[in-house]
Amino acid sequence: MSNGNSTGRAWAVTIFFTLFMAVMTYNLIIFPACAVDTMNVFGVGQAELTTLSSVTSVVGVFAGILFGRMLDTKSVRKSIMIFLAIGVVLFFARAFVTAYVPVMVLTFLASLSVGICQVAGPKVVGTWFPAEKVGTATSFLTAGAGIGSAGGFALGAILGIHNGLLSVGIAYLVLLVFWIAVGDEGPYKVVIPPEAVEA
């Protein structure tokens, strides 16, 4: 891989994780952004709305436990591809559910599946840049989260809850295709000796 191609791919991978953070935060915001529509469609009150809005937030704890070791020992490219694909299916299924409990369960499972990208982001981006540039590259991920939050509130009221949930599935599908095209670890990956993995 030439230096120019490596640099281009490094920024493509960084853009992927930046967009992931934007979509992840957008998904987090979509229920409160469409609060009235959400309560009407699912027949819920303020307490249930708060629960729906919080489900995605607690996923990070479980995702870290589930995916941290996996990403250290398995193929990062394949792991992200598989769990992102599962998440896409679950997010699309959620968009067509109108019952409160199923949509809450699907939100949790779908967010957990794509949560592998949240865990992997700094690790993977760090393999594409020399140490003195990793901080700059990973700072874009934080910017992505801010964009997603703003976008969620801006688009939520326009789209309504059904189209808002559908847009999450579409966005993750685009990210899956993007990952298949460019996703992998880079030339600065630290190779772990087999005996260290077994320990």
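Here, the structure is the one placed above.
Residues numbered from 1 in each chain as written. Predicted model: local features only at pLDDT ≥ 70, side-chain atom pairs only at ≥ 80, totals over all residues. Heavy atoms only, no water.

Draft legend 1. Quick look at the overall build of the protein. Regarding its fold elements, the protein presents 7 helices and 0 strands. In sequence order, the secondary structure elements of the protein are arranged as α-α-α-α-α-α-α. For 199 residues, the compact-globule estimate of 2.2 N^0.38 gives 16 Å, and the C-alpha radius of gyration of the protein, at 18 Å, lies within 12% of that figure. Judged by the C-alpha coordinates and their principal axes, the protein covers about 55 × 35 × 25 Å. Taken over 199 residues, the protein has a buried fraction of 44%. Pairs at least 24 apart in sequence give 84% of the contacts found in the protein among residues at least 6 apart. For the protein, the accessible surface area stands at approximately 9,400 Å², while carbon and sulfur atoms represent 70% of it. (Helix = DSSP H or I, 4+ residues; strand = E, 2+ residues; numbered from the N terminus. Rg over C-alpha atoms; globule rule 2.2 N^0.38 Å. Buried < 20%, exposed > 50% of the residue type's maximum accessible area, 1.4 Å probe, protein only. Contact = heavy atoms within 4.5 Å. Areas by Shrake-Rupley, 256 points an atom, 1.4 Å probe, with all protein chains shown as cover.)

Draft legend 2. Layout of the side chain of Thr-14. Assignment of secondary structure puts Thr-14 in helix α1 (residues 3-33). For Thr-14, a relative accessible area of 1% puts it in the buried group. Within the structure, the side chain of Thr-14 is placed 2.9 Å from the backbone oxygen of Ala-10, a separation counted as a polar contact. (Polar contact = N/O pair within 3.5 Å; in protein donor to acceptor, adjacent residues only side chain to side chain.)

Draft legend 3. Just a nonpolar patch on the surface, in detail. Taken together, the side chains of Val-58, Val-61, Phe-62 and Ile-65 define a hydrophobic patch exposed on the protein surface, amounting to about 400 Å² of accessible area. Counting through the fold element by element, Val-58 comes out in helix α3 (residues 46-73). For Val-58, a relative accessible area of 40% puts it in the partly exposed group. (Patch = residues over 30% accessible without salt bridge, like charges linked within 9 Å, V, L, I, M, F, W, Y side chains within 5 Å. Salt bridge = Lys/Arg side-chain N within 4 Å of Asp/Glu carboxyl O.)

Draft legend 4. Inspection of the packing of helix α4 (residues 76-94) against helix α5 (residues 100-126) at higher detail. Packing of α4 against α5 brings their axes to within 8 Å, and their N-to-C directions diverge by 155°. By the angle between their axes, α4 is roughly antiparallel relative to α5. Judged by the sense of rotation from one axis to the other, the crossing of α4 with α5 is left-handed. (Axes fitted to C-alpha atoms, helices over the stretch in contact; angles between N-to-C directions. Parallel < 35°, antiparallel > 145°, perpendicular 65-115°, else oblique. Left-handed = near helix turned anticlockwise from the far one by under 90°.)

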